[in-house]
Amino acid sequence: MELTNEFRVSAPIERAWEVFKDAEVIAPCMPGAQLVEVEGDVYHGVVKVKVGPIAAQYKGTAIYTTVDEAARRIVVTAEGRETRGQGNANATVTAEMAADGDGTTVRVVTDLTITGRVAQFGRGVLADVSARLLGQFVDCLEASVLAAGSARGAGQNAPGGGAGSSMAPEGGRANRPAGPGGARGNGMAGPGEGPRVRAVEQREVEPIDLLEVAGAPVA
């Protein structure tokens, strides 16, 4: 199924672009999602969901397959399997950004394939859940990541603030040298070596409660 959403963030497109192409920065704002480790350009993590007392956890990977600077377009391919082996999910997420005054409009198209217990809710419910979760994600970005970036910019000339200072959302990480496509350079291996695996420090997350998020449609 294809899900389309659009939202606006109150940050100039240059700032929004840098944020969205860095999975380690935005991961703490994704409801129910926890980034666990980075292996080269591949991000490993889990997504937790529940319906009442029934919980499910998907373990999988995500990779930036397209990072088009000129078009301000990012494509992320993700796949996961329920840890109990009862379902799997695959998604290709395309995000396109456009300047909108002093902010940025982001259009997100998700091509989603899902099987197992969560799939029984159908496209209508999943579209509603997707929109609500995206709203939570944007609120978190505005309150932590983007706000921190604005504060950092304002404080560069203040005592203790400068090019070397950095701010990140709780559970995120700071002062990380960037590599191609927003991947962390210190996760890359040297010649003749396999990709290095680096653990990511992020607090445990609560599962997405579909009954709470979607309410009546799920019921």
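This structure is a prediction, so every number in the text was calculated from the model and none was measured. Sequence order as written defines residue numbering, which begins from 1 separately in each chain. Only residues with pLDDT of at least 70 get local features here, since the model is predicted, and only at 80 or more are side-chain atom pairs given and counted; chain-wide, interface and lining totals rely on the full set of residues. Derived side-chain values reflect all non-hydrogen atoms in the structure, with water molecules and hydrogen atoms excluded from consideration.

Glancing now at the overall build of the protein. Along its length, the protein carries four helices and nine strands. When its helices and strands are written in sequence order, the protein yields β-α-α-β-β-β-β-β-β-α-β-β-α. Going through the 219 residues of the protein one by one, you find that 42% of them count as buried. Contact between two residues is taken to exist if any of their heavy atoms lie within 4.5 Å; hydrogens are not considered. Of the contacts formed within the protein by residues at least 6 apart in sequence, a portion of 59% connects residues at least 24 apart. What sets the accessible areas is the Shrake-Rupley method with a 1.4 Å probe; for residues, cover comes only from the shown protein chains. Accessible surface, the protein as shown: approximately 11,200 Å² in total, 52% of it carbon and sulfur. Think of it this way: any DSSP run of H or I at least four residues long counts as a helix, any run of E at least two long counts as a strand, and we number them from the N terminus. Relative accessibility thresholds used throughout: buried, under 20% of the residue-type maximum; exposed, over 50%; partly exposed, between the two (1.4 Å probe, protein chains only).

As a further point, take the layout of surface pockets. A pocket here means an open set of points on a 1 Å grid, computed over the protein atoms alone, that has protein on both sides within 12 Å along at least five of seven lines. A cavity is instead a set of points where a 1.4 Å probe fits but cannot get out; residues with an atom within 4 Å of a point line either one. Grid points are joined across faces, edges and corners, and a volume is the space filled by probe spheres set on the points. Estimated volume of the second largest pocket: approximately 330 Å³. In this structure, the second largest pocket is lined by 23 residues; those nearest its centre are P28, P31, G32, R203 and V205. Taken together, the elements giving at least two residues each to the lining of the second largest pocket come down to α3 (122–154), β9 (208–209) and α4 (210–214). Broken down by element, the residue count for the lining of the second largest pocket peaks at four residues, all from α3. Polar here means any residue outside two lists: the nonpolar Ala, Val, Leu, Ile, Met, Phe, Trp, Tyr, Cys and Pro, and the charged Asp, Glu, Lys and Arg; Gly therefore counts as polar. Split by residue class, the lining of the second largest pocket holds 13 nonpolar, four polar and six charged.

Right, let's talk about the pattern of salt bridges for a bit. We define a salt bridge as a contact between a side-chain nitrogen of Lys or Arg and a carboxyl oxygen of Asp or Glu at a distance within 4 Å. Within the structure shown, the criterion is met by nine salt bridges. A salt bridge links D102 to R8, with the nearest nitrogen and oxygen atoms 3.2 Å apart. Here R8 lies in strand β1 (residues 2–9) and D102 lies in the loop between β6 (88–100) and β7 (103–114), a separation of 94 residues in the sequence. Each of the salt bridges in this network shares a partner with another, and the network as a whole consists of E18, K21, E69 and R72.

What follows concerns the state of the cysteines. Two cysteine sulfur atoms form a disulfide, by the criterion used here, when they sit within 2.5 Å. What the rule picks out here adds up to one disulfide. Here C29 connects covalently by a disulfide to C140, the sulfurs 2.2 Å from one another. Negative torsions about the S-S bond denote left-handed disulfides, and the value of about -65 degrees found for C29 with C140 makes this one left-handed. Of this pair, C29 sits in the loop between α2 (23–26) and β2 (33–39) while C140 is found in helix α3, placing the two residues 111 residues apart along the sequence.

A few words now on empty space enclosed by the protein. Considering all chains together, one arrives at one cavity of 30 Å³ or more under this definition. Its boundaries defined by the atoms lining it, the largest cavity holds a volume of some 1,500 Å³. Around the largest cavity, the lining is made up of 49 residues, and of these M30, V47, A78, A91 and V93 lie nearest the centre. If you tally residues by element for the lining of the largest cavity, the top one is strand β4 (residues 54–68), at seven residues.

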